[in-house]
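Spelled out from the first residue to the last, the chains are:
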Amino acid sequence: MLKSLRTLFWPKTVLTRSSSSYVARIRYLMRLKEDDEACLEAMRSGSLLLYHTLAPLLQKSPSGLFQLPAINTSDFKGILDKLGKNRALVNESVLIGCTEEDVAQFSLDVGALDKSEMERLCGGVFIDLRKAFFLLRGTEAPLVARGQALLRWHQTHGFCSASGHPSFRNQSGSQRVCHSSGHTYYPKMSPVVIALVSDGSRCLLGRQATFPRGMYSALAGFCDMGETIEETLRREIAEEVGLELESLRVAGSQHWPFPQSSFMVACHATVAPSNTQVSVDLEELEDARWFTLQEVQEALRLKKPPRNPEGETPTLWLPPRYAIAHQLVREWVQQQIGAHE
Ligand SMILES: NC(=O)C1=CN([C@@H]2O[C@H](COP(=O)(O)OP(=O)(O)OC[C@H]3O[C@@H](n4cnc5c(N)ncnc54)[C@H](OP(=O)(O)O)[C@@H]3O)[C@@H](O)[C@H]2O)C=CC1
Ligand SMILES: [Mg+2]
(Lines give C-alpha, C1' and ligand atoms only; values in the text may rest on other atoms or scores of the structure.)
(Ligands and ions follow the chains in the order given, each with its own letter.)
Protein backbone atom coordinates (compact mmCIF):
# COMPACT_ATOMS: atom_id res chain seq x y z
CA MET A 1 0.00 0.00 0.00
CA LEU A 2 0.98 3.59 -0.46
CA LYS A 3 1.43 3.97 3.30
CA SER A 4 5.11 3.23 2.70
CA LEU A 5 5.25 5.99 0.12
CA ARG A 6 5.58 9.67 0.77
CA THR A 7 2.32 11.04 -0.54
CA LEU A 8 2.14 14.76 -1.11
CA PHE A 9 -1.26 16.33 -1.65
CA TRP A 10 -1.34 19.14 -4.20
CA PRO A 11 -1.21 22.50 -2.46
CA LYS A 12 -4.07 24.97 -2.79
CA THR A 13 -3.44 28.02 -4.99
CA VAL A 14 -2.71 31.05 -2.83
CA LEU A 15 -3.98 34.10 -4.66
CA THR A 16 -2.00 36.52 -2.52
CA ARG A 17 1.41 34.91 -3.13
CA SER A 18 4.23 37.33 -3.79
CA SER A 19 4.84 38.03 -7.44
CA SER A 20 8.59 37.44 -7.10
CA SER A 21 8.17 33.79 -6.11
CA TYR A 22 5.57 33.41 -8.86
CA VAL A 23 7.94 34.84 -11.46
CA ALA A 24 10.80 32.64 -10.22
CA ARG A 25 8.57 29.55 -10.55
CA ILE A 26 7.43 30.47 -14.05
CA ARG A 27 11.04 31.07 -15.15
CA TYR A 28 12.00 27.69 -13.67
CA LEU A 29 9.20 25.99 -15.62
CA MET A 30 10.32 27.77 -18.79
CA ARG A 31 13.80 26.33 -18.34
CA LEU A 32 12.44 22.82 -17.73
CA LYS A 33 10.41 23.03 -20.94
CA GLU A 34 13.43 24.03 -23.00
CA ASP A 35 16.27 22.10 -21.35
CA ASP A 36 15.96 18.29 -21.50
CA GLU A 37 18.77 17.70 -18.97
CA ALA A 38 17.29 20.15 -16.45
CA CYS A 39 13.90 18.49 -16.91
CA LEU A 40 15.33 15.01 -16.24
CA GLU A 41 17.04 16.35 -13.14
CA ALA A 42 13.79 17.94 -11.88
CA MET A 43 12.01 14.64 -12.54
CA ARG A 44 14.28 12.83 -10.08
CA SER A 45 12.87 14.87 -7.19
CA GLY A 46 9.50 15.59 -8.79
CA SER A 47 6.02 14.26 -8.12
CA LEU A 48 3.78 12.23 -10.41
CA LEU A 49 0.11 12.27 -11.22
CA LEU A 50 -0.75 8.79 -12.47
CA TYR A 51 -3.32 7.78 -15.11
CA HIS A 52 -4.31 4.39 -16.44
CA THR A 53 -5.43 4.67 -20.08
CA LEU A 54 -6.14 8.33 -19.30
CA ALA A 55 -8.20 7.64 -16.13
CA PRO A 56 -6.61 9.54 -13.21
CA LEU A 57 -5.63 7.90 -9.93
CA LEU A 58 -7.66 9.25 -7.01
CA GLN A 59 -7.28 8.56 -3.31
CA LYS A 60 -9.89 8.78 -0.58
CA SER A 61 -8.64 10.97 2.27
CA PRO A 62 -9.31 10.00 5.90
CA SER A 63 -12.22 12.50 5.90
CA GLY A 64 -13.84 10.63 2.98
CA LEU A 65 -13.06 13.23 0.30
CA PHE A 66 -11.36 12.24 -2.94
CA GLN A 67 -7.99 13.83 -3.68
CA LEU A 68 -5.20 13.58 -6.20
CA PRO A 69 -2.18 11.80 -4.73
CA ALA A 70 1.07 13.29 -5.98
CA ILE A 71 3.48 10.40 -5.80
CA ASN A 72 7.16 11.05 -5.36
CA THR A 73 9.10 9.92 -8.47
CA SER A 74 11.67 7.93 -6.50
CA ASP A 75 8.91 6.07 -4.63
CA PHE A 76 7.26 5.26 -7.97
CA LYS A 77 10.54 3.78 -9.16
CA GLY A 78 10.35 1.49 -6.12
CA ILE A 79 6.92 0.31 -7.31
CA LEU A 80 8.36 -0.41 -10.77
CA ASP A 81 11.14 -2.43 -9.10
CA LYS A 82 8.54 -4.47 -7.20
CA LEU A 83 6.73 -5.17 -10.46
CA GLY A 84 9.98 -6.06 -12.23
CA LYS A 85 9.38 -3.23 -14.73
CA ASN A 86 11.92 -0.90 -16.30
CA ARG A 87 12.45 2.35 -14.36
CA ALA A 88 12.79 4.19 -17.70
CA LEU A 89 8.96 4.33 -17.80
CA VAL A 90 9.20 7.40 -15.55
CA ASN A 91 10.91 9.31 -18.38
CA GLU A 92 7.69 9.07 -20.41
CA SER A 93 5.97 11.47 -18.01
CA VAL A 94 5.15 15.01 -19.13
CA LEU A 95 5.68 18.24 -17.23
CA ILE A 96 2.45 19.88 -16.05
CA GLY A 97 3.52 22.39 -13.42
CA CYS A 98 5.41 23.18 -10.28
CA THR A 99 4.26 23.46 -6.66
CA GLU A 100 4.89 26.53 -4.53
CA GLU A 101 7.65 24.46 -2.88
CA ASP A 102 9.34 24.24 -6.32
CA VAL A 103 8.58 20.54 -6.76
CA ALA A 104 8.14 19.85 -10.48
CA GLN A 105 4.85 18.05 -11.25
CA PHE A 106 4.53 15.45 -14.00
CA SER A 107 1.76 13.24 -15.34
CA LEU A 108 2.30 9.69 -16.53
CA ASP A 109 0.03 7.11 -18.15
CA VAL A 110 0.72 3.65 -16.75
CA GLY A 111 -1.71 1.94 -19.14
CA ALA A 112 0.97 -0.64 -19.97
CA LEU A 113 0.93 -1.89 -16.35
CA ASP A 114 -1.68 -4.04 -14.63
CA LYS A 115 -4.44 -1.71 -13.40
CA SER A 116 -5.52 -3.46 -10.22
CA GLU A 117 -1.92 -4.15 -9.22
CA MET A 118 -1.14 -0.44 -9.60
CA GLU A 119 -4.25 0.50 -7.60
CA ARG A 120 -3.19 -1.88 -4.82
CA LEU A 121 0.39 -0.64 -4.72
CA CYS A 122 -0.58 3.04 -4.90
CA GLY A 123 -3.56 2.78 -2.53
CA GLY A 124 -5.93 4.55 -4.92
CA VAL A 125 -8.36 3.90 -7.71
CA PHE A 126 -8.31 4.93 -11.39
CA ILE A 127 -11.52 6.80 -12.12
CA ASP A 128 -12.89 8.06 -15.44
CA LEU A 129 -12.10 11.79 -15.75
CA ARG A 130 -15.77 12.82 -16.09
CA LYS A 131 -16.55 11.10 -12.78
CA ALA A 132 -13.38 12.50 -11.20
CA PHE A 133 -14.68 16.00 -11.97
CA PHE A 134 -17.63 15.39 -9.64
CA LEU A 135 -15.34 14.16 -6.86
CA LEU A 136 -12.45 16.64 -6.90
CA ARG A 137 -12.42 20.13 -5.47
CA GLY A 138 -10.54 23.41 -5.85
CA THR A 139 -7.49 23.47 -8.08
CA GLU A 140 -7.32 19.68 -8.42
CA ALA A 141 -9.92 19.45 -11.23
CA PRO A 142 -8.05 21.78 -13.64
CA LEU A 143 -4.76 20.10 -12.77
CA VAL A 144 -6.03 16.60 -13.50
CA ALA A 145 -7.61 17.86 -16.74
CA ARG A 146 -4.35 19.45 -17.84
CA GLY A 147 -2.36 16.32 -17.07
CA GLN A 148 -4.76 14.12 -19.01
CA ALA A 149 -5.01 16.50 -21.98
CA LEU A 150 -1.25 16.64 -22.47
CA LEU A 151 -0.93 12.85 -22.26
CA ARG A 152 -3.80 12.41 -24.72
CA TRP A 153 -2.22 14.87 -27.15
CA HIS A 154 1.03 12.86 -27.19
CA GLN A 155 -0.84 9.58 -27.55
CA THR A 156 -2.70 10.86 -30.62
CA HIS A 157 0.00 12.95 -32.31
CA GLY A 158 2.80 10.47 -32.85
CA PHE A 159 3.18 11.23 -36.56
CA CYS A 160 3.97 14.28 -38.66
CA SER A 161 0.98 15.30 -40.77
CA ALA A 162 3.31 16.65 -43.49
CA SER A 163 5.74 13.71 -43.92
CA GLY A 164 3.87 10.84 -42.27
CA HIS A 165 7.04 9.99 -40.30
CA PRO A 166 7.09 9.57 -36.52
CA SER A 167 7.49 12.75 -34.49
CA PHE A 168 9.58 12.90 -31.30
CA ARG A 169 8.78 14.69 -28.06
CA ASN A 170 11.17 16.79 -26.02
CA GLN A 171 11.73 15.66 -22.42
CA SER A 172 9.12 17.95 -20.87
CA GLY A 173 6.51 17.04 -23.49
CA SER A 174 5.90 20.67 -24.44
CA GLN A 175 6.42 19.95 -28.17
CA ARG A 176 7.03 17.26 -30.80
CA VAL A 177 9.41 17.52 -33.75
CA CYS A 178 9.57 15.64 -37.05
CA HIS A 179 13.21 15.22 -38.06
CA SER A 180 12.18 14.52 -41.64
CA SER A 181 10.06 17.62 -42.37
CA GLY A 182 11.52 19.83 -39.63
CA HIS A 183 8.00 20.67 -38.39
CA THR A 184 7.52 21.40 -34.70
CA TYR A 185 4.10 20.61 -33.20
CA TYR A 186 2.69 22.16 -30.02
CA PRO A 187 -0.21 20.86 -27.91
CA LYS A 188 -3.42 22.22 -29.41
CA MET A 189 -6.73 23.46 -28.00
CA SER A 190 -9.80 24.21 -30.12
CA PRO A 191 -11.47 27.53 -29.29
CA VAL A 192 -15.11 27.24 -28.17
CA VAL A 193 -17.53 29.99 -27.12
CA ILE A 194 -20.13 29.15 -24.49
CA ALA A 195 -22.90 31.48 -23.37
CA LEU A 196 -25.67 31.70 -20.86
CA VAL A 197 -28.37 33.55 -22.77
CA SER A 198 -30.93 35.50 -20.73
CA ASP A 199 -34.11 37.35 -21.67
CA GLY A 200 -33.88 39.44 -18.51
CA SER A 201 -35.80 37.07 -16.22
CA ARG A 202 -35.13 33.54 -17.55
CA CYS A 203 -32.07 31.74 -18.89
CA LEU A 204 -31.77 29.49 -21.92
CA LEU A 205 -30.31 26.00 -21.48
CA GLY A 206 -29.97 23.19 -23.99
CA ARG A 207 -29.22 19.49 -24.00
CA GLN A 208 -27.62 17.09 -26.45
CA ALA A 209 -29.05 13.59 -26.81
CA THR A 210 -25.85 12.18 -25.28
CA PHE A 211 -26.27 14.11 -21.99
CA PRO A 212 -27.56 12.17 -18.95
CA ARG A 213 -31.36 12.42 -18.59
CA GLY A 214 -32.43 15.77 -17.14
CA MET A 215 -29.09 17.50 -17.66
CA TYR A 216 -29.09 20.88 -19.42
CA SER A 217 -26.15 23.20 -20.05
CA ALA A 218 -25.29 26.59 -21.51
CA LEU A 219 -25.10 26.68 -25.33
CA ALA A 220 -21.67 26.23 -26.88
CA GLY A 221 -20.00 26.00 -30.26
CA PHE A 222 -16.57 25.69 -31.87
CA CYS A 223 -15.10 28.79 -33.53
CA ASP A 224 -14.83 28.60 -37.31
CA MET A 225 -11.51 29.63 -38.83
CA GLY A 226 -11.09 33.42 -38.72
CA GLU A 227 -14.08 34.15 -36.48
CA THR A 228 -14.10 36.48 -33.48
CA ILE A 229 -15.73 35.42 -30.20
CA GLU A 230 -18.69 37.69 -30.98
CA GLU A 231 -19.15 36.25 -34.48
CA THR A 232 -18.98 32.65 -33.24
CA LEU A 233 -21.54 33.23 -30.53
CA ARG A 234 -23.96 35.14 -32.75
CA ARG A 235 -23.74 32.38 -35.36
CA GLU A 236 -24.02 29.46 -32.92
CA ILE A 237 -27.08 30.90 -31.14
CA ALA A 238 -28.74 31.61 -34.50
CA GLU A 239 -27.90 28.08 -35.75
CA GLU A 240 -28.84 26.11 -32.65
CA VAL A 241 -31.91 27.96 -31.32
CA GLY A 242 -32.86 30.48 -34.04
CA LEU A 243 -32.38 33.56 -31.86
CA GLU A 244 -30.50 36.80 -32.55
CA LEU A 245 -28.37 38.08 -29.70
CA GLU A 246 -28.74 41.62 -28.42
CA SER A 247 -25.57 41.82 -26.28
CA LEU A 248 -22.75 39.72 -24.89
CA ARG A 249 -20.13 40.09 -22.20
CA VAL A 250 -17.07 37.86 -21.79
CA ALA A 251 -17.06 36.47 -18.23
CA GLY A 252 -14.16 34.01 -18.09
CA SER A 253 -12.46 31.06 -19.69
CA GLN A 254 -11.31 27.51 -19.01
CA HIS A 255 -9.54 24.59 -20.59
CA TRP A 256 -11.97 21.69 -21.17
CA PRO A 257 -10.53 18.24 -21.85
CA PHE A 258 -13.58 16.61 -23.55
CA PRO A 259 -13.64 15.16 -26.18
CA GLN A 260 -10.29 16.70 -27.18
CA SER A 261 -8.88 19.85 -25.59
CA SER A 262 -11.01 22.96 -26.02
CA PHE A 263 -10.34 26.49 -24.87
CA MET A 264 -13.73 27.65 -23.60
CA VAL A 265 -14.50 31.38 -23.65
CA ALA A 266 -17.51 31.96 -21.42
CA CYS A 267 -20.01 34.78 -21.95
CA HIS A 268 -23.25 36.17 -20.59
CA ALA A 269 -25.54 37.13 -23.45
CA THR A 270 -29.00 38.62 -23.81
CA VAL A 271 -31.86 38.59 -26.28
CA ALA A 272 -34.64 41.15 -26.27
CA PRO A 273 -37.68 40.05 -24.16
CA SER A 274 -39.74 40.39 -27.35
CA ASN A 275 -37.46 37.91 -29.20
CA THR A 276 -37.56 34.68 -27.19
CA GLN A 277 -39.28 32.16 -29.49
CA VAL A 278 -36.87 29.20 -29.59
CA SER A 279 -36.52 27.11 -32.77
CA VAL A 280 -34.22 24.20 -31.94
CA ASP A 281 -31.91 22.68 -34.56
CA LEU A 282 -32.62 19.04 -33.74
CA GLU A 283 -29.45 17.89 -35.53
CA GLU A 284 -27.39 19.71 -32.87
CA LEU A 285 -29.58 19.65 -29.78
CA GLU A 286 -32.27 17.37 -28.42
CA ASP A 287 -33.95 20.28 -26.62
CA ALA A 288 -33.41 23.90 -25.56
CA ARG A 289 -35.75 25.95 -23.43
CA TRP A 290 -36.10 28.82 -21.02
CA PHE A 291 -35.75 28.15 -17.29
CA THR A 292 -36.94 30.36 -14.44
CA LEU A 293 -34.72 31.54 -11.61
CA GLN A 294 -36.54 29.20 -9.22
CA GLU A 295 -36.00 26.13 -11.44
CA VAL A 296 -32.29 26.89 -11.72
CA GLN A 297 -31.92 27.56 -7.98
CA GLU A 298 -33.52 24.18 -7.22
CA ALA A 299 -31.08 22.45 -9.58
CA LEU A 300 -28.12 24.21 -7.92
CA ARG A 301 -29.29 22.94 -4.53
CA LEU A 302 -28.95 19.27 -5.60
CA LYS A 303 -26.04 17.63 -3.80
CA LYS A 304 -25.73 14.79 -6.33
CA PRO A 305 -27.18 13.96 -9.77
CA PRO A 306 -30.87 12.93 -9.54
CA ARG A 307 -31.81 9.35 -10.50
CA ASN A 308 -34.19 10.46 -13.27
CA PRO A 309 -35.57 7.02 -14.26
CA GLU A 310 -37.14 6.55 -17.72
CA GLY A 311 -40.86 7.23 -17.81
CA GLU A 312 -40.80 9.95 -15.14
CA THR A 313 -40.49 13.69 -15.79
CA PRO A 314 -36.77 14.30 -15.24
CA THR A 315 -35.47 16.68 -12.59
CA LEU A 316 -33.23 19.41 -14.00
CA TRP A 317 -29.55 19.09 -13.19
CA LEU A 318 -26.59 21.12 -14.26
CA PRO A 319 -22.96 20.47 -15.31
CA PRO A 320 -20.46 19.83 -12.48
CA ARG A 321 -19.14 22.63 -10.29
CA TYR A 322 -15.88 22.79 -12.20
CA ALA A 323 -17.52 23.24 -15.65
CA ILE A 324 -17.62 26.87 -16.69
CA ALA A 325 -21.29 26.40 -17.66
CA HIS A 326 -21.98 25.83 -13.97
CA GLN A 327 -20.15 29.04 -13.07
CA LEU A 328 -22.13 30.99 -15.66
CA VAL A 329 -25.40 29.71 -14.16
CA ARG A 330 -24.29 30.66 -10.63
CA GLU A 331 -23.29 34.15 -11.78
CA TRP A 332 -26.63 34.60 -13.54
CA VAL A 333 -28.49 33.59 -10.37
CA GLN A 334 -26.50 36.15 -8.38
CA GLN A 335 -27.27 38.84 -10.97
CA GLN A 336 -30.97 38.02 -10.81
CA ILE A 337 -31.03 38.08 -7.01
CA GLY A 338 -29.07 41.37 -7.03
CA ALA A 339 -31.46 42.89 -9.55
CA HIS A 340 -34.49 42.14 -7.36
CA GLU A 341 -33.02 43.37 -4.04
N1 LIG B 1 -17.03 23.28 -19.81
C2 LIG B 1 -18.32 23.45 -19.99
O3 LIG B 1 -19.01 24.02 -19.14
C4 LIG B 1 -18.97 22.97 -21.28
C5 LIG B 1 -18.18 22.49 -22.29
N6 LIG B 1 -18.74 22.15 -23.51
C7 LIG B 1 -17.83 21.69 -24.56
O8 LIG B 1 -17.88 22.62 -25.63
C9 LIG B 1 -17.52 21.96 -26.83
C10 LIG B 1 -18.36 22.46 -27.97
O11 LIG B 1 -19.73 22.30 -27.70
P12 LIG B 1 -20.71 21.72 -28.81
O13 LIG B 1 -22.07 22.27 -28.52
O14 LIG B 1 -20.56 20.25 -28.86
O15 LIG B 1 -20.11 22.36 -30.15
P16 LIG B 1 -20.82 22.65 -31.57
O17 LIG B 1 -22.16 23.24 -31.34
O18 LIG B 1 -19.84 23.42 -32.40
O19 LIG B 1 -21.09 21.21 -32.19
C20 LIG B 1 -20.14 20.19 -32.16
C21 LIG B 1 -19.91 19.69 -33.56
O22 LIG B 1 -19.17 20.64 -34.28
C23 LIG B 1 -18.28 20.00 -35.17
N24 LIG B 1 -16.95 20.61 -34.94
C25 LIG B 1 -16.51 21.74 -35.56
N26 LIG B 1 -15.27 22.05 -35.17
C27 LIG B 1 -14.89 21.11 -34.29
C28 LIG B 1 -13.71 20.91 -33.52
N29 LIG B 1 -12.66 21.72 -33.57
N30 LIG B 1 -13.67 19.84 -32.68
C31 LIG B 1 -14.72 19.01 -32.59
N32 LIG B 1 -15.87 19.16 -33.28
C33 LIG B 1 -15.96 20.21 -34.14
C34 LIG B 1 -18.41 18.50 -34.90
O35 LIG B 1 -19.32 18.01 -35.85
P36 LIG B 1 -19.07 16.65 -36.65
O37 LIG B 1 -18.81 15.61 -35.58
O38 LIG B 1 -20.34 16.48 -37.40
O39 LIG B 1 -17.87 16.90 -37.50
C40 LIG B 1 -19.06 18.44 -33.54
O41 LIG B 1 -19.88 17.30 -33.35
C42 LIG B 1 -17.65 20.46 -26.56
O43 LIG B 1 -16.33 19.94 -26.53
C44 LIG B 1 -18.25 20.37 -25.17
O45 LIG B 1 -17.72 19.29 -24.43
C46 LIG B 1 -20.08 22.26 -23.74
C47 LIG B 1 -20.92 22.71 -22.73
C48 LIG B 1 -20.44 23.02 -21.40
MG1 LIG C 1 -23.33 23.41 -29.64
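All values reported here derive from a predicted model rather than from experimental measurement.

Participant: Report on the site of ligand 1, specifying residues and quantitative values.
Facilitator: Near ligand 1 there are 20 residues, and of these Ala220, Phe222, Glu240, Gln254 and Ala325 occur at the shortest range. Between a nitrogen atom of ligand 1 and a side-chain N or O atom of Ser190, the distance comes to 3.5 Å. Trp256 places a polar side-chain atom, nitrogen or oxygen, 3.2 Å from an oxygen atom of ligand 1. Contact with the protein chains removes 58% of the 920 Å² of surface that ligand 1 exposes when unbound. Cavity membership is defined here by more than half of the atoms lying within 2 Å of grid points; on that basis ligand 1 lies in the second largest pocket. When contributions to the shell around ligand 1 are tallied by element, the ones reaching two or more residues are strand S12 (190–198), strand S14 (219–222), helix H7 (229–241), strand S15 (247–256), strand S16 (262–270) and helix H9 (324–339).

Participant: Explain the domain arrangement of the protein residue by residue, including any values.
Facilitator: With domains assigned, the protein is organised as domain 1 (21–157) and domain 2 (190–303 + 313–339). Computed over C-alpha atoms only, the centres of domain 1 and domain 2 are separated by 33 Å. With 13 residues of domain 1 at the contact, the number on the domain 2 side is 11 residues. Note on domain 1 versus domain 2: buried area summed over both sides is about 1100 Å², and carbon and sulfur give 67% of it.

Participant: Would you mind going over the coordination of the magnesium ion (ligand 2) in detail, with residue names and values included?
Facilitator: Tetrahedral coordination by four donors places them ideally at 109.5 degrees to one another around the metal; octahedral coordination by six donors ideally gives 90 or 180 degrees. Surrounding the magnesium ion (ligand 2) are the protein donor atoms Ala220 (O) and Glu240 (OE), which sit 2.1 to 2.2 Å from the metal. You can see Ala220 sitting in strand S14 and its partner Glu240 sitting in helix H7, a full 20 residues away along the chain. Its relative accessible area of 29% is what places Ala220 among the partly exposed residues.

Participant: Describe H7, naming the residues involved and giving the relevant values.
Facilitator: For H7, built from 13 residues, the straight-helix expectation of 18 Å at 1.5 Å per residue is met to within 8% by its first-to-last C-alpha distance of 18 Å. The complete set of buried residues in H7 reads Thr232, Leu233, Arg235, Glu236, Ile237, Glu240 and Val241. Packing partners of the buried residues in H7 comprise S12, strand S13 (202–207), S14, S15, S16 and strand S17 (287–292).

Participant: I'd love a proper account of the state of the cysteines, names of residues and values included.
Facilitator: Under the criterion given, the structure shown has 0 disulfides. The closest cysteine sulfur to the non-disulfide-bonded Cys98 is located on Cys39, 11 Å from its own sulfur. Given a relative accessible area of 12%, Cys98 falls into the buried group. You can see Cys160 has no disulfide; the closest cysteine sulfur is in Cys178, sitting 3.8 Å from it.

What counts and how
- Residues numbered from 1 in each chain as written.
- Chains lettered and ligands numbered in written order.
- Predicted model: local features only at pLDDT ≥ 70, side-chain atom pairs only at ≥ 80, totals over all residues.
- Heavy atoms only, no water.
- Near = heavy atom within 4 Å.
- Polar contact = N/O pair within 3.5 Å; in protein donor to acceptor, adjacent residues only side chain to side chain.
- Areas by Shrake-Rupley, 256 points an atom, 1.4 Å probe, with all protein chains shown as cover.
- 1 Å grid on protein atoms, 1.4 Å probe; cavity = no way out; pocket = protein on both sides within 12 Å on 5 of 7 lines; lining within 4 Å.
- Sits in = over half its atoms within 2 Å of the grid points.
- Helix = DSSP H or I, 4+ residues; strand = E, 2+ residues; numbered from the N terminus.
- Domains from an automatic or database assignment.
- Contact = heavy atoms within 4.5 Å.
- Buried area = accessible area lost by both parts, 1.4 Å probe.
- Donors = N, O, S within 2.8 Å, 3.2 Å for Na, K, Ca; no water.
- Buried < 20%, exposed > 50% of the residue type's maximum accessible area, 1.4 Å probe, protein only.
- Expected span 1.5 Å × (residues − 1).
- Disulfide = S-S within 2.5 Å.

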